Amino acid sequence: MTETIITSSLLILIILALRYLLRGRISSQLQYALWLLVAIRLLLPFPLFENPVSVMNVIPVTQMSEQAAIPQAAGSTPPEVDLTGITHPTVHNSIAASGPAAGAAPVAKIARYIWLCGLFLTGSFFAISNIRLNRNLKKNRKKLDIPGSPLPVYLADHLSSPCLYGIIRPAVYLTPDSLTDQKRTSFVLAHELTHYRHRDYLWALIRIICLSIYWFHPLVWAAAVLSRRDSELACDEGTLRKLGHENRAEYGRMIIEMSTAPSKPSELFCCATTMTGGKKEMTERIRRIARQPKTLLITLAAVVIAAAAAVALTFGSAANKSDSKQADAQVSDEQAPDEQVPDVQVPDMQELWDARTPYVGDNAAVGKLLGLLPLPDGLQHDHFELHTG
(Lines give C-alpha, C1' and ligand atoms only; values in the text may rest on other atoms or scores of the structure.)
Protein backbone atom coordinates (compact mmCIF):
# COMPACT_ATOMS: atom_id res chain seq x y z
CA MET A 1 0.00 0.00 0.00
CA THR A 2 2.97 2.30 0.60
CA GLU A 3 3.85 2.21 -3.09
CA THR A 4 0.26 3.07 -4.05
CA ILE A 5 0.24 6.02 -1.65
CA ILE A 6 3.51 7.39 -3.04
CA THR A 7 2.61 6.99 -6.71
CA SER A 8 -0.98 8.22 -6.35
CA SER A 9 0.20 11.28 -4.42
CA LEU A 10 2.55 12.21 -7.26
CA LEU A 11 -0.20 11.57 -9.82
CA ILE A 12 -2.65 13.82 -7.98
CA LEU A 13 -0.05 16.59 -7.84
CA ILE A 14 0.54 16.24 -11.60
CA ILE A 15 -3.20 16.45 -12.34
CA LEU A 16 -3.52 19.47 -10.05
CA ALA A 17 -0.65 21.17 -11.89
CA LEU A 18 -2.20 20.39 -15.30
CA ARG A 19 -5.58 21.61 -14.08
CA TYR A 20 -4.03 24.92 -12.98
CA LEU A 21 -1.79 25.46 -16.01
CA LEU A 22 -4.44 24.54 -18.60
CA ARG A 23 -7.48 26.20 -17.01
CA GLY A 24 -9.53 27.88 -19.73
CA ARG A 25 -7.43 26.17 -22.44
CA ILE A 26 -9.01 22.71 -22.49
CA SER A 27 -12.61 21.59 -22.51
CA SER A 28 -14.31 20.85 -19.21
CA GLN A 29 -14.94 17.24 -20.21
CA LEU A 30 -11.25 16.64 -20.91
CA GLN A 31 -10.37 18.26 -17.60
CA TYR A 32 -12.83 15.95 -15.84
CA ALA A 33 -11.50 12.87 -17.69
CA LEU A 34 -8.00 13.40 -16.24
CA TRP A 35 -9.29 12.34 -12.81
CA LEU A 36 -9.95 8.88 -14.22
CA LEU A 37 -6.19 8.21 -14.02
CA VAL A 38 -6.22 9.03 -10.31
CA ALA A 39 -9.19 6.74 -9.63
CA ILE A 40 -7.54 3.83 -11.45
CA ARG A 41 -4.24 4.27 -9.60
CA LEU A 42 -5.93 4.53 -6.20
CA LEU A 43 -7.96 1.37 -6.75
CA LEU A 44 -5.12 -0.61 -8.37
CA PRO A 45 -3.37 -2.62 -5.61
CA PHE A 46 -0.29 -3.41 -7.69
CA PRO A 47 1.92 -1.77 -10.35
CA LEU A 48 1.19 -2.68 -13.95
CA PHE A 49 4.77 -3.06 -15.17
CA GLU A 50 8.43 -2.60 -14.29
CA ASN A 51 9.69 0.75 -15.47
CA PRO A 52 13.15 2.31 -15.28
CA VAL A 53 11.57 5.79 -15.13
CA SER A 54 9.11 4.96 -12.35
CA VAL A 55 9.22 7.26 -9.35
CA MET A 56 9.80 4.16 -7.20
CA ASN A 57 13.35 3.94 -8.61
CA VAL A 58 14.35 6.96 -6.53
CA ILE A 59 12.51 5.89 -3.38
CA PRO A 60 14.74 3.85 -1.03
CA VAL A 61 13.10 0.57 -0.14
CA THR A 62 14.25 -1.11 3.06
CA GLN A 63 13.97 -4.87 3.05
CA MET A 64 14.39 -7.18 5.97
CA SER A 65 17.22 -9.69 5.73
CA GLU A 66 16.16 -13.24 4.97
CA GLN A 67 17.34 -14.54 8.32
CA ALA A 68 15.58 -11.78 10.23
CA ALA A 69 12.32 -12.38 8.38
CA ILE A 70 12.44 -16.22 8.59
CA PRO A 71 13.94 -17.53 11.84
CA GLN A 72 15.95 -20.75 11.56
CA ALA A 73 14.50 -23.93 12.86
CA ALA A 74 16.51 -25.97 15.28
CA GLY A 75 18.60 -28.66 13.62
CA SER A 76 18.36 -27.14 10.15
CA THR A 77 21.26 -26.61 7.80
CA PRO A 78 23.45 -23.84 9.16
CA PRO A 79 23.84 -20.53 7.34
CA GLU A 80 26.84 -19.57 5.26
CA VAL A 81 29.76 -19.38 7.64
CA ASP A 82 32.49 -16.79 7.59
CA LEU A 83 35.76 -18.70 7.60
CA THR A 84 37.29 -16.29 10.08
CA GLY A 85 34.78 -17.22 12.74
CA ILE A 86 31.83 -19.58 12.95
CA THR A 87 28.60 -17.98 14.10
CA HIS A 88 26.28 -19.94 16.33
CA PRO A 89 22.67 -19.77 15.03
CA THR A 90 21.17 -19.00 18.42
CA VAL A 91 23.39 -15.97 18.91
CA HIS A 92 22.88 -14.88 15.32
CA ASN A 93 19.10 -15.06 15.54
CA SER A 94 19.01 -13.23 18.83
CA ILE A 95 20.99 -10.37 17.32
CA ALA A 96 18.80 -10.28 14.21
CA ALA A 97 15.60 -10.34 16.26
CA SER A 98 16.71 -7.32 18.23
CA GLY A 99 17.26 -5.23 15.09
CA PRO A 100 14.97 -2.66 13.45
CA ALA A 101 12.70 -5.33 11.94
CA ALA A 102 11.55 -6.50 15.36
CA GLY A 103 10.67 -2.96 16.45
CA ALA A 104 8.84 -2.16 13.18
CA ALA A 105 6.43 -5.08 13.46
CA PRO A 106 4.25 -3.76 16.34
CA VAL A 107 4.18 -0.26 14.81
CA ALA A 108 2.92 -1.66 11.50
CA LYS A 109 0.31 -3.72 13.34
CA ILE A 110 -0.99 -0.67 15.23
CA ALA A 111 -1.08 1.39 12.02
CA ARG A 112 -3.07 -1.36 10.32
CA TYR A 113 -5.65 -1.38 13.12
CA ILE A 114 -5.97 2.43 12.94
CA TRP A 115 -6.48 2.27 9.18
CA LEU A 116 -9.14 -0.43 9.51
CA CYS A 117 -10.98 1.64 12.12
CA GLY A 118 -10.95 4.67 9.82
CA LEU A 119 -12.14 2.53 6.90
CA PHE A 120 -15.01 1.22 9.00
CA LEU A 121 -16.03 4.68 10.22
CA THR A 122 -15.94 6.40 6.82
CA GLY A 123 -17.66 3.44 5.17
CA SER A 124 -20.35 3.48 7.85
CA PHE A 125 -20.88 7.22 7.42
CA PHE A 126 -21.24 6.72 3.66
CA ALA A 127 -23.74 3.91 4.11
CA ILE A 128 -25.80 5.79 6.70
CA SER A 129 -25.88 8.99 4.60
CA ASN A 130 -27.13 7.20 1.50
CA ILE A 131 -29.62 5.01 3.35
CA ARG A 132 -31.09 8.09 5.02
CA LEU A 133 -31.25 10.02 1.73
CA ASN A 134 -32.80 7.08 -0.10
CA ARG A 135 -35.42 6.66 2.65
CA ASN A 136 -36.35 10.35 2.61
CA LEU A 137 -36.62 10.44 -1.18
CA LYS A 138 -38.87 7.40 -1.35
CA LYS A 139 -41.01 8.69 1.50
CA ASN A 140 -41.59 12.23 0.16
CA ARG A 141 -41.51 11.89 -3.62
CA LYS A 142 -44.30 12.22 -6.17
CA LYS A 143 -44.10 10.74 -9.68
CA LEU A 144 -44.20 13.23 -12.56
CA ASP A 145 -45.23 12.48 -16.11
CA ILE A 146 -42.41 13.80 -18.29
CA PRO A 147 -42.78 12.52 -21.87
CA GLY A 148 -39.54 11.48 -23.58
CA SER A 149 -37.52 11.09 -20.38
CA PRO A 150 -35.42 7.88 -20.28
CA LEU A 151 -35.49 7.97 -16.47
CA PRO A 152 -38.33 8.23 -13.96
CA VAL A 153 -38.82 11.80 -12.74
CA TYR A 154 -40.11 12.65 -9.25
CA LEU A 155 -41.01 15.79 -7.33
CA ALA A 156 -39.31 16.06 -3.91
CA ASP A 157 -40.33 19.01 -1.74
CA HIS A 158 -37.57 18.70 0.86
CA LEU A 159 -34.55 18.86 -1.47
CA SER A 160 -32.42 21.99 -1.68
CA SER A 161 -31.73 21.45 -5.40
CA PRO A 162 -32.63 19.06 -8.20
CA CYS A 163 -30.47 15.93 -8.37
CA LEU A 164 -29.86 12.58 -10.00
CA TYR A 165 -29.80 9.75 -7.48
CA GLY A 166 -29.63 5.98 -7.55
CA ILE A 167 -27.01 3.36 -8.39
CA ILE A 168 -29.11 0.45 -9.59
CA ARG A 169 -32.22 2.44 -10.56
CA PRO A 170 -31.21 6.08 -11.06
CA ALA A 171 -33.96 8.68 -11.15
CA VAL A 172 -34.26 12.45 -11.51
CA TYR A 173 -35.63 14.41 -8.55
CA LEU A 174 -36.94 17.93 -9.15
CA THR A 175 -37.82 20.67 -6.67
CA PRO A 176 -40.93 22.87 -6.80
CA ASP A 177 -38.79 25.84 -7.94
CA SER A 178 -37.66 23.90 -11.01
CA LEU A 179 -41.28 23.47 -12.14
CA THR A 180 -42.30 27.15 -12.14
CA ASP A 181 -41.47 27.58 -15.83
CA GLN A 182 -41.55 25.06 -18.66
CA LYS A 183 -38.24 26.21 -20.12
CA ARG A 184 -36.56 26.07 -16.73
CA THR A 185 -37.90 22.56 -16.25
CA SER A 186 -36.49 21.49 -19.61
CA PHE A 187 -33.08 23.00 -18.72
CA VAL A 188 -32.98 21.30 -15.31
CA LEU A 189 -34.05 17.97 -16.80
CA ALA A 190 -31.43 18.27 -19.56
CA HIS A 191 -28.78 18.99 -16.94
CA GLU A 192 -29.61 15.92 -14.85
CA LEU A 193 -29.90 13.66 -17.90
CA THR A 194 -26.42 14.80 -18.93
CA HIS A 195 -25.20 13.62 -15.53
CA TYR A 196 -26.87 10.31 -16.35
CA ARG A 197 -25.14 10.04 -19.75
CA HIS A 198 -21.81 10.79 -18.09
CA ARG A 199 -22.54 8.07 -15.48
CA ASP A 200 -21.74 10.57 -12.73
CA TYR A 201 -23.76 8.58 -10.21
CA LEU A 202 -21.25 5.72 -10.65
CA TRP A 203 -18.27 8.07 -10.47
CA ALA A 204 -19.73 9.41 -7.23
CA LEU A 205 -19.64 5.86 -5.84
CA ILE A 206 -16.02 5.38 -6.97
CA ARG A 207 -15.14 8.70 -5.33
CA ILE A 208 -16.68 7.51 -2.07
CA ILE A 209 -14.80 4.18 -2.19
CA CYS A 210 -11.50 6.02 -2.67
CA LEU A 211 -12.27 8.33 0.25
CA SER A 212 -13.15 5.38 2.47
CA ILE A 213 -9.90 3.55 1.69
CA TYR A 214 -7.64 6.62 1.81
CA TRP A 215 -9.48 8.52 4.53
CA PHE A 216 -6.14 9.63 6.02
CA HIS A 217 -4.78 11.14 2.77
CA PRO A 218 -5.41 14.90 2.32
CA LEU A 219 -4.55 14.82 -1.38
CA VAL A 220 -7.26 12.23 -2.00
CA TRP A 221 -9.79 14.50 -0.29
CA ALA A 222 -8.63 17.42 -2.47
CA ALA A 223 -8.94 15.23 -5.57
CA ALA A 224 -12.48 14.20 -4.55
CA VAL A 225 -13.60 17.81 -4.05
CA LEU A 226 -12.11 19.05 -7.32
CA SER A 227 -13.26 16.07 -9.39
CA ARG A 228 -16.81 16.63 -8.14
CA ARG A 229 -16.54 20.29 -9.12
CA ASP A 230 -15.20 19.31 -12.55
CA SER A 231 -18.12 16.92 -13.03
CA GLU A 232 -20.49 19.90 -12.84
CA LEU A 233 -18.38 21.86 -15.33
CA ALA A 234 -18.38 18.91 -17.72
CA CYS A 235 -22.13 18.53 -17.25
CA ASP A 236 -22.74 22.18 -18.11
CA GLU A 237 -20.64 21.78 -21.26
CA GLY A 238 -22.48 18.63 -22.33
CA THR A 239 -25.89 20.16 -21.59
CA LEU A 240 -25.20 23.26 -23.68
CA ARG A 241 -24.03 21.04 -26.54
CA LYS A 242 -27.47 19.41 -26.34
CA LEU A 243 -29.49 22.61 -25.89
CA GLY A 244 -27.53 24.76 -28.32
CA HIS A 245 -25.14 27.60 -27.53
CA GLU A 246 -27.83 30.20 -28.22
CA ASN A 247 -29.36 29.21 -24.86
CA ARG A 248 -26.19 29.91 -22.85
CA ALA A 249 -27.52 33.07 -21.21
CA GLU A 250 -30.82 31.51 -20.07
CA TYR A 251 -29.08 28.31 -18.96
CA GLY A 252 -26.56 30.30 -16.90
CA ARG A 253 -29.41 32.26 -15.31
CA MET A 254 -31.12 28.98 -14.42
CA ILE A 255 -27.92 27.66 -12.77
CA ILE A 256 -27.65 30.81 -10.63
CA GLU A 257 -31.31 30.71 -9.59
CA MET A 258 -31.34 27.00 -8.78
CA SER A 259 -28.02 26.97 -6.90
CA THR A 260 -29.23 28.87 -3.87
CA ALA A 261 -27.77 26.55 -1.20
CA PRO A 262 -24.00 26.29 -0.55
CA SER A 263 -22.39 22.90 -0.95
CA LYS A 264 -21.84 20.81 2.19
CA PRO A 265 -18.90 18.51 2.98
CA SER A 266 -21.36 15.66 3.58
CA GLU A 267 -22.38 15.79 -0.10
CA LEU A 268 -19.11 14.04 -0.94
CA PHE A 269 -20.52 10.92 0.74
CA CYS A 270 -23.77 10.84 -1.24
CA CYS A 271 -24.21 9.24 -4.67
CA ALA A 272 -26.30 12.22 -5.81
CA THR A 273 -25.54 15.04 -8.22
CA THR A 274 -26.67 18.43 -6.91
CA MET A 275 -26.63 22.02 -8.16
CA THR A 276 -25.37 23.41 -4.88
CA GLY A 277 -22.12 25.35 -4.80
CA GLY A 278 -20.24 28.21 -3.21
CA LYS A 279 -19.52 31.60 -4.70
CA LYS A 280 -16.18 30.53 -6.18
CA GLU A 281 -17.68 27.45 -7.81
CA MET A 282 -20.59 29.41 -9.28
CA THR A 283 -18.27 32.10 -10.65
CA GLU A 284 -16.18 29.47 -12.42
CA ARG A 285 -19.26 27.73 -13.83
CA ILE A 286 -20.75 30.96 -15.21
CA ARG A 287 -17.39 31.96 -16.71
CA ARG A 288 -17.12 28.57 -18.43
CA ILE A 289 -20.71 28.77 -19.69
CA ALA A 290 -20.00 32.19 -21.17
CA ARG A 291 -16.69 31.29 -22.82
CA GLN A 292 -17.03 27.56 -23.54
CA PRO A 293 -13.27 26.95 -23.99
CA LYS A 294 -12.19 24.74 -26.88
CA THR A 295 -9.20 22.42 -26.89
CA LEU A 296 -6.64 23.22 -29.60
CA LEU A 297 -4.92 20.29 -31.28
CA ILE A 298 -1.50 21.28 -29.94
CA THR A 299 -2.96 21.61 -26.44
CA LEU A 300 -4.57 18.17 -26.73
CA ALA A 301 -1.22 16.70 -27.80
CA ALA A 302 0.47 18.30 -24.80
CA VAL A 303 -2.18 16.87 -22.46
CA VAL A 304 -1.78 13.38 -23.96
CA ILE A 305 2.01 13.52 -23.60
CA ALA A 306 1.76 14.78 -20.02
CA ALA A 307 -0.78 12.07 -19.15
CA ALA A 308 1.45 9.37 -20.71
CA ALA A 309 4.43 10.64 -18.72
CA ALA A 310 2.34 10.62 -15.54
CA VAL A 311 1.30 7.02 -16.20
CA ALA A 312 4.93 6.00 -16.78
CA LEU A 313 6.01 7.65 -13.54
CA THR A 314 3.23 6.32 -11.32
CA PHE A 315 1.79 3.10 -12.77
CA GLY A 316 5.08 1.17 -12.93
CA SER A 317 7.25 -0.37 -10.26
CA ALA A 318 10.99 0.08 -9.80
CA ALA A 319 13.20 -1.76 -12.26
CA ASN A 320 14.73 -4.99 -10.97
CA LYS A 321 18.19 -4.01 -9.76
CA SER A 322 19.40 -7.61 -9.54
CA ASP A 323 18.76 -8.05 -13.26
CA SER A 324 20.78 -4.93 -14.03
CA LYS A 325 23.63 -6.18 -11.88
CA GLN A 326 23.63 -9.52 -13.71
CA ALA A 327 23.65 -7.69 -17.01
CA ASP A 328 26.61 -5.58 -15.88
CA ALA A 329 28.45 -8.69 -14.80
CA GLN A 330 27.76 -10.32 -18.15
CA VAL A 331 29.10 -7.26 -19.97
CA SER A 332 32.24 -7.33 -17.82
CA ASP A 333 32.79 -10.99 -18.67
CA GLU A 334 32.41 -10.26 -22.36
CA GLN A 335 34.87 -7.36 -22.16
CA ALA A 336 37.58 -9.46 -20.45
CA PRO A 337 37.45 -12.94 -21.99
CA ASP A 338 41.17 -13.64 -21.44
CA GLU A 339 41.01 -13.25 -17.68
CA GLN A 340 41.12 -16.65 -16.02
CA VAL A 341 39.25 -17.12 -12.78
CA PRO A 342 41.27 -19.37 -10.48
CA ASP A 343 39.58 -22.51 -9.28
CA VAL A 344 38.82 -22.23 -5.59
CA GLN A 345 38.13 -25.32 -3.55
CA VAL A 346 35.04 -24.56 -1.45
CA PRO A 347 34.96 -26.39 1.89
CA ASP A 348 31.93 -28.40 2.93
CA MET A 349 30.00 -26.08 5.26
CA GLN A 350 28.24 -28.96 6.97
CA GLU A 351 31.58 -30.63 7.84
CA LEU A 352 32.94 -27.33 9.17
CA TRP A 353 29.80 -26.91 11.27
CA ASP A 354 30.03 -30.44 12.65
CA ALA A 355 33.77 -30.01 13.46
CA ARG A 356 33.29 -26.84 15.53
CA THR A 357 34.72 -26.84 19.07
CA PRO A 358 34.33 -24.48 22.00
CA TYR A 359 37.89 -25.25 23.23
CA VAL A 360 40.65 -23.37 21.46
CA GLY A 361 43.23 -25.57 23.19
CA ASP A 362 41.93 -28.84 21.75
CA ASN A 363 44.72 -29.76 19.31
CA ALA A 364 42.80 -32.60 17.66
CA ALA A 365 39.67 -30.52 17.08
CA VAL A 366 41.59 -27.50 15.78
CA GLY A 367 43.68 -29.74 13.55
CA LYS A 368 40.55 -31.24 12.06
CA LEU A 369 39.22 -27.76 11.29
CA LEU A 370 42.50 -26.74 9.65
CA GLY A 371 42.42 -29.89 7.57
CA LEU A 372 39.00 -28.96 6.23
CA LEU A 373 40.09 -25.45 5.19
CA PRO A 374 41.66 -24.99 1.72
CA LEU A 375 45.26 -23.71 1.51
CA PRO A 376 46.56 -21.25 -1.09
CA ASP A 377 48.38 -22.74 -4.04
CA GLY A 378 52.00 -23.63 -3.24
CA LEU A 379 51.52 -23.53 0.55
CA GLN A 380 51.99 -26.71 2.60
CA HIS A 381 52.25 -27.47 6.30
CA ASP A 382 53.32 -30.46 8.37
CA HIS A 383 52.51 -29.21 11.87
CA PHE A 384 50.91 -26.31 13.74
CA GLU A 385 51.26 -24.68 17.16
CA LEU A 386 48.54 -23.28 19.39
CA HIS A 387 49.28 -20.22 21.49
CA THR A 388 46.47 -19.94 24.03
CA GLY A 389 48.26 -18.05 26.75
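Numbers given for residues are sequential positions, taken from 1 along each chain in its written order. Local features in this predicted model are restricted to residues of pLDDT 70 or higher, and side-chain atom pairs are both shown and tallied only at a pLDDT of 80 or more, whereas totals for entire chains, interfaces and linings draw on every residue. The side-chain numbers reported here are obtained from all heavy atoms of the structure, hydrogens and water having been left aside.

1. Digging into the overall build of the protein
Applicable threshold: Each helix is a run of DSSP H or I of at least 4 residues and each strand a run of E of at least 2, with the numbering of both proceeding from the N terminus. Three labels apply to residues, based on accessible area from a 1.4 Å probe with only protein chains included: buried if under 20% of the type maximum, exposed if over 50%, partly exposed otherwise in between. Note on contacts: a residue pair qualifies if any of its non-hydrogen atoms lie within 4.5 Å across the two residues. Surface accessibility in these figures is a Shrake-Rupley result with a 1.4 Å probe; residues are shielded only by whichever protein chains are displayed.
Within the protein one finds 15 helices and seven strands. Looking at the protein residue by residue over its 389 residues, the buried ones come to 37%. Taking the contacts inside the protein whose residues are at least 6 apart along the sequence as the reference set, 71% of them involve residues at least 24 apart. Surface summary for the protein: the accessible area is close to 23,800 Å², and the carbon and sulfur share equals 61%.

2. Quick notes on the confidence of the model for the protein
Short version of the rule: pLDDT gives the predictor's per-residue confidence on a scale running from 0 to 100.
Mean pLDDT over the protein stands at 80; residues scoring 70 or higher make up 78%. Confidence over residues 62–98 falls short of pLDDT 50; this stretch has 29 contacts with residues more than four positions distant or in other chains.

3. Looking at the packing of aromatic side chains
What counts here: Think of it this way: a Phe, Tyr or Trp ring, Trp meaning its six-membered ring, pairs with another when their centres are within 6.5 Å, and the plane angle makes it stacked under 30 degrees, edge-to-face over 60, tilted otherwise. Over a ring means this: the NZ of a Lys or the CZ of an Arg is within 6 Å of the ring centre and within 35 degrees of the ring normal.
On inspection of all chains with the given rule, the structure shows seven aromatic pairs. Considering the side-chain rings of Y214 and F216, the 6.3 Å spacing of their centres and the 55 degrees angle between planes classify their relative orientation as tilted. A centroid spacing of 5.7 Å and a plane angle of 90 degrees characterise the contact between W215 and F216, whose relative ring orientation is edge-to-face. Classification of W215 by relative accessible area gives partly exposed; the value is 24%. Taking the relative accessible area as the measure of exposure, F216 reaches 35% and is therefore partly exposed. In this structure, R41 is placed above the aromatic ring of F315, and the distance from its NZ or CZ to the ring centre is 5.8 Å.

4. Some details on the nonpolar core
Note the following rule: Residue types Ala, Val, Leu, Ile, Met, Phe, Trp, Tyr and Cys, when buried and joined through side-chain atoms within 4.5 Å, form a set referred to as a nonpolar core.
In terms of nonpolar packing, the biggest core is built from 29 residues, with L11, I15, W35, V38, L42, V220 and V303 touching the most fellow members. Contributions of two or more residues to this core are made by α1 (2–21), α2 (28–33), α3 (35–43), α8 (200–213), α9 (218–243) and α12 (297–314). With near-sequence residues (within four places) excluded, I15 lies in contact with L34, W35 and V38. Core analysis: the second largest hydrophobic core is formed by 20 residues, V153, L155, L164 and V172 among them.

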